[in-house]
Amino acid sequence: MYRQLMEEYEHEINSHFTDSLTGLFNHGFFQTALDLEFKRSKRHMTPFALALIDIDLFSTYNRLYGHVEGDRMLKDIAGLIKDSIREMDLAARYSGDVFAVVLTRTDADQALTTMERIRQAAGERSNGEITLSIGIASYPRDALSPEGIISKAQEALFQAKISGKNRVDFSKTEKETGEEQKHRILVVDDEPRNLKLLEALLLPLDYDVIKAGGGEEALSIVSRMEVDLILLDVMMPGMNGYEVCRRLKGNESTRLIPIVMVTALNDMDAKIRGIEAGVDDFITKPPNKLELLTRIKNLIRVKSLNNNLTSLKSVLFSLANAVEAKDAYTRGHVWRVSETAVALCKKMGLSEKTIKAIKLAGIIHDIGKIGVPENILNKPGPLDPVEREIMQRHAQIGYKICLPLKKTLGIALDIIRHHHEKLDGSGFPNGLKGEEVSLGARIMAVVDIYDALVSDRPYRKAMTKQKALEILREEAAEGKLDSRIVEALIEMVQ
Ligand SMILES: [Fe+2]
Ligand SMILES: [Fe+2]
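Residues numbered from 1 in each chain as written. Chains lettered and ligands numbered in written order. Predicted model: local features only at pLDDT ≥ 70, side-chain atom pairs only at ≥ 80, totals over all residues. Heavy atoms only, no water.

## Notes on the overall build of the protein chain
Helix and strand counts for the protein chain stand at 21 helices and ten strands. Relative to a compact globule of 494 residues, whose C-alpha radius of gyration would be 23 Å, the protein chain shows 32 Å and is clearly more extended. The C-alpha extent of the protein chain, read off along each of the three principal axes, is 95 × 65 × 50 Å. Within the protein chain, the proportion of its 494 residues that are buried is 47%. (Helix = DSSP H or I, 4+ residues; strand = E, 2+ residues; numbered from the N terminus. Rg over C-alpha atoms; globule rule 2.2 N^0.38 Å. Buried < 20%, exposed > 50% of the residue type's maximum accessible area, 1.4 Å probe, protein only.)

## Brief notes about the sheet that holds strand β8 (residues 229–233)
Overall, parallel pairing links the five strands, which are arranged β7-β6-β8-β9-β10 in an open sheet. This sheet does not close on itself; its edge strands, each paired only once, are β7 (208–212) and β10 (281–285). Between one strand axis and the next, the sheet turns through 25 degrees on average, direction left out of account. As paired strands, strand β6 (residues 184–188) and β8 are joined by four bridges and run parallel to one another. Bridge pairing in β8 places Val188 opposite Leu232. (Pairing = 2+ DSSP bridges. Axes fitted to C-alpha atoms, helices over the stretch in contact; angles between N-to-C directions.)

## Looking at the coordination of the iron ion (ligand 1)
Only Asp366 (OD), His394 (NE2), His419 (NE2) and His420 (NE2) from the protein reach the iron ion (ligand 1) as donors, at distances of 2.1 to 2.3 Å. With four donor atoms in place around the iron ion (ligand 1) and angles of 84 to 172 degrees between them, the coordination shape is irregular. Going along the chain, you hit the donors of the iron ion (ligand 1) in the pattern D-x27-H-x24-H-H. Here the iron ion (ligand 1) and the iron ion (ligand 2) are spaced 3.6 Å apart, linked through Asp366, which binds each one. Linking Asp366 in the loop between α14 (352–364) and α15 (374–377) with His419 in the loop between α18 (411–418) and α19 (439–453), this pair joins segments that are 53 residues apart in sequence. (Donors = N, O, S within 2.8 Å, 3.2 Å for Na, K, Ca; no water. Tetrahedral: all angles 85-135°; square planar, octahedral: opposite > 155°, others 65-115°.)

## Here's the deal with the domain arrangement of the protein chain
Partitioning the protein chain into structural domains gives domain 1 (15–173), domain 2 (184–304) and domain 3 (327–493). Here the C-alpha centre of domain 3 lies 45 Å away from the C-alpha centre of domain 2. (Domains from an automatic or database assignment.)

## Observations concerning a positive patch on the surface
On the surface, Lys313, Lys346, Lys356 and Lys359 cluster together to form a positively charged patch. Summarising the element assignment, Lys359 is placed in helix α14. (Patch = residues over 30% accessible without salt bridge, like charges linked within 9 Å, V, L, I, M, F, W, Y side chains within 5 Å. Areas by Shrake-Rupley, 256 points an atom, 1.4 Å probe, with all protein chains shown as cover. Salt bridge = Lys/Arg side-chain N within 4 Å of Asp/Glu carboxyl O. Lys, Arg positive; Asp, Glu negative; His and termini not counted. Charge placed at Lys NZ, Arg CZ, Asp CG, Glu CD.)

## Focus: the environment of Ile275
Of note, Ile275 is situated in helix α11 (residues 268–277). The spacing of Ile275 and Asp189 is 86 residues in sequence and 19 Å in space, taken between C-alpha atoms.

## Structural notes on the sheet that holds strand β5 (residues 168–170)
Pairing is mixed in the open sheet, where five strands are placed in the order β2-β3-β1-β4-β5. This sheet does not close on itself; its edge strands, each paired only once, are β2 (90–95) and β5. On average, adjacent strands in this sheet sit at an angle of 25 degrees to one another, irrespective of strand direction. The sheet strands contacting helix α5 (residues 108–125) are β1 (48–55), β3 (98–103), β4 (132–139) and β5, and the helix crosses β4 at an angle near 165 degrees. (Contact = heavy atoms within 4.5 Å.)

## Section: the packing of aromatic side chains
The final tally for this structure, using the stated rule, is seven aromatic pairs. When the ring of Phe17 is compared with that of Phe25, the centres are 6.1 Å apart and the planes differ by 35 degrees; the resulting orientation is tilted. Centre to centre, the rings of Phe38 and Tyr139 are 5.4 Å apart; their planes meet at 80 degrees, and the pair counts as edge-to-face. Within this pair, whereas Phe38 is found in helix α2 (residues 27–44), its partner Tyr139 is found in strand β4, the two being separated by 101 residues in sequence. In this structure, Phe38 and Tyr139 share a single accessibility class: buried. (Phe/Tyr/Trp six-rings, centres within 6.5 Å; stacked < 30°, edge-to-face > 60°.)

## Some remarks on the coordination of the iron ion (ligand 2)
In this structure, His333 (NE2), His365 (NE2), Asp366 (OD) and Asp448 (OD) serve as the protein donors to the iron ion (ligand 2), at separations of 2.2 to 2.4 Å. Between the four donor atoms coordinating the iron ion (ligand 2), the angles at the centre fall across 74 to 173 degrees, so the site counts as irregular. One chain supplies every donor to the iron ion (ligand 2), and in sequence these donors are spaced H-x31-H-D-x81-D. For His333, a relative accessible area of 2% gives the class buried.

## Thoughts on the pairing of β1
Each regular strand carries side chains that alternate between the two faces of the sheet. The buried fraction of β1 is high, at eight of eight residues. Along β1, one buried face is formed by Phe48, Leu50, Leu52 and Asp54 and the opposite face, lined by Ala49, Ala51, Ile53 and Ile55, is buried too. Note: β1 against β4, eight bridges, orientation antiparallel. Note that in β4 the partner of Leu52 across the bridge is Gly135.

## Describing the environment of His365
Tracing the sequence through the fold places His365 in the loop between α14 and α15. For His365, a relative accessible area of 0% translates into the label buried. When the C-alpha atoms of His365 and Ala441 are compared, they prove to be 9.9 Å apart, with 76 residues separating the residues in sequence. Filtering out sequence-adjacent residues up to four positions away, His365 remains in contact with His333, Val334, Val337, Ile416, His419, Met444 and Asp448. A distance of 3.3 Å separates polar atoms of two side chains, one belonging to His365 and the other to Asp448. (Polar contact = N/O pair within 3.5 Å; in protein donor to acceptor, adjacent residues only side chain to side chain.)

## Digging into the pattern of salt bridges
Scanning the model with the defined rule gives 31 salt bridges in all. Ionic pairing is found between Lys285 and Asp233, a salt bridge with its closest N-O pair at 3.3 Å. Of the two residues, Lys285 is situated in strand β10 and Asp233 in strand β8; the sequence distance between them amounts to 52 residues. Residue Arg246 pairs with Glu243 through a salt bridge whose shortest N-O separation is 3.3 Å. Of this pair, Arg246 and Glu243 are both found in helix α10 (residues 241–249), three residues apart, which corresponds to roughly one turn of the helix. The exposure class of Arg246 is partly exposed, given its relative accessible area of 42%.

Spelled out as structure tokens, the structure:
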């Protein structure tokens, strides 16, 4: 009696995480288990693989033999999968006729062996009537997050399907798809044996490896070619690792290259000095292959993101230059505005982050003039009301051009849109009033007007500094500009 009760109780509990038809774990439980496996593998620096197994032409089979037979076949395949994996692995019904298998402490090659066995067994059992397509992805080779692993396994499964079914496919690495160039790693060590060892570890992971026998040689290589990451020894004759790191991090053009310092285990002193010199990460000697791979992958990914941002900015700068080319009279305006605004922000004690945004905003604040006809931009006299209306659109056009980059631009986007607002509500495009106008937009407004007044315009000659500052003071007194900002500018330029 107790026994029956216990069985019922057990069944009741299990039903929450198992699939009633196949007896495998259900999708919800699979997700939780994958997250756990990911965390565990990350902590222990061990690999794991995920395989997605799909029954080929399952709907046709259902149509031919009916759903009861289809269900029986699903159960059969589920049983086969369960019998083919180890106790520590996990099999789940991922969706309809797709199964997921998480293979603990298993790399892609080992997973391939297991999955091939399952695929062949399914074919043999059914005399070739039932075939399986299987996609494999592994951590950390293919992705560094649970979601990433799933999507890579799905890609591999899709690949197996479109290349003829009844096969096992790997997630394609970047090299195999030929989409990306190899990343270049510079290894710096005075000990030739260590250089060889690191090279031997990195080459199979498909990195381009460059070697340097000392600090000076490393710096010379970095000055000549693009490097994606540096593995740096600490103690070297001549220039040591700390000094190499300090120099690279102190140079605008090399400071974003990730540096991993190779230290002896537990050398706390070396680590502290390394952090002071600007090292991004550490790895202990002798390096563990997986630890090395994970660190390198992470750091190179961050660097690629930074590269994308840098190229994004150069696109915006080219646009700003294109505007200047259209508008002969404002040549140099945006660069001067940016410089003056930065100096003013520093004087006002604003944060580093704000200053960065203002610097960028200064350069691109008039980007919307790309949408204003040249005859209006260069008209050698005052604009009529229609022309003025068209000219004023540049704020809104600039905002629209840059809107997709909202996250990257931050407050710079607001400045582009509102640098012609006046505190009394008489500005454009939105007629914002008082506090509604952000600090960044107020600063840009003051600096923008100042630069316009002291340079030649199509309709008038440049004013003297004194005259320009007087006008700014008047505008502040009328409640149009922020008087604190105007006073700070006056103090700065005088
Ligand atoms: Fe403007
Ligand atoms: Fe401007």
